Amino acid sequence: QVQLEESGGGLVQPGESLTLSCVVSGSVGAIDTMGWYRQRPEQGRELIAEISRDGSTFYADSQRGRSTISRVNAKRTVYLEMKNLTREDTAVYFCVARVLTQRWKGYWGQGTQVTVSS
């Protein structure tokens, strides 16, 4: 059974930085694209960034320059570094990964809450 577990969320003050982590566990043949989404209060999920196995990245326009996605394949882990956080960044952040078990399939983590408040 494949599981994605996010960590690193919490309460931060405006202007601070935060790095989220997500590790993939279980019987995994390979991991392709990994990424981060977020869901702000009363809004739908929105893409923040994605990263391919070879390190190629894609960022949503609103996140370019503010967030950095990275991964360590040997650790099955993807990271999201966010800088200069504002209250508008308050959201639940979800990790996603396209994983090969018996077939390729997308998996989601349960999410980690990030609250930006003074």
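Quantities reported herein were computed from a predicted structural model and do not represent experimental measurements.

Undergrad: How should I be thinking about the nonpolar core in this particular structure?
TA: Burial of nonpolar side chains together is a common tendency in soluble globular proteins. Membership of the largest hydrophobic core comes to 28 residues, with the highest contact counts inside it found for Val24, Trp36 and Tyr93. Here the element with the most residues in this core is strand S9 (residues 91-100); it accounts for 5 residues. The contacts of Tyr93, once residues within four sequence positions are left out, are Glu6, Leu20, Trp36, Tyr37, Arg38, Ile48, Leu80, Met82, Gly111, Thr112 and Val114.

Undergrad: Would you mind going over the sheet that holds strand S3 (residues 18-25) with me for this structure?
TA: Sheet strands pair via backbone hydrogen bonds, and the direction of the pair is either parallel or antiparallel. With antiparallel pairing, the 4 strands of this open sheet are ordered in space as S1-S3-S8-S7. Edge positions in the sheet fall to strand S1 (3-7) and strand S7 (67-72), since each of these pairs with one other strand and no more. Adjacent strand axes in the sheet meet at a mean angle of 15° when their direction is disregarded. Where S1 meets S3, 5 bridges bridge the pair, whose relative direction is antiparallel. Looking across to S3, one finds that Glu5 is bridged to Val23.

Basis of the calculations
- Residues numbered from 1 in each chain as written.
- Predicted model: local features only at pLDDT ≥ 70, side-chain atom pairs only at ≥ 80, totals over all residues.
- Heavy atoms only, no water.
- Core = buried A, V, L, I, M, F, W, Y, C linked by side-chain atoms within 4.5 Å.
- Buried < 20%, exposed > 50% of the residue type's maximum accessible area, 1.4 Å probe, protein only.
- Helix = DSSP H or I, 4+ residues; strand = E, 2+ residues; numbered from the N terminus.
- Contact = heavy atoms within 4.5 Å.
- Pairing = 2+ DSSP bridges.
- Axes fitted to C-alpha atoms, helices over the stretch in contact; angles between N-to-C directions.

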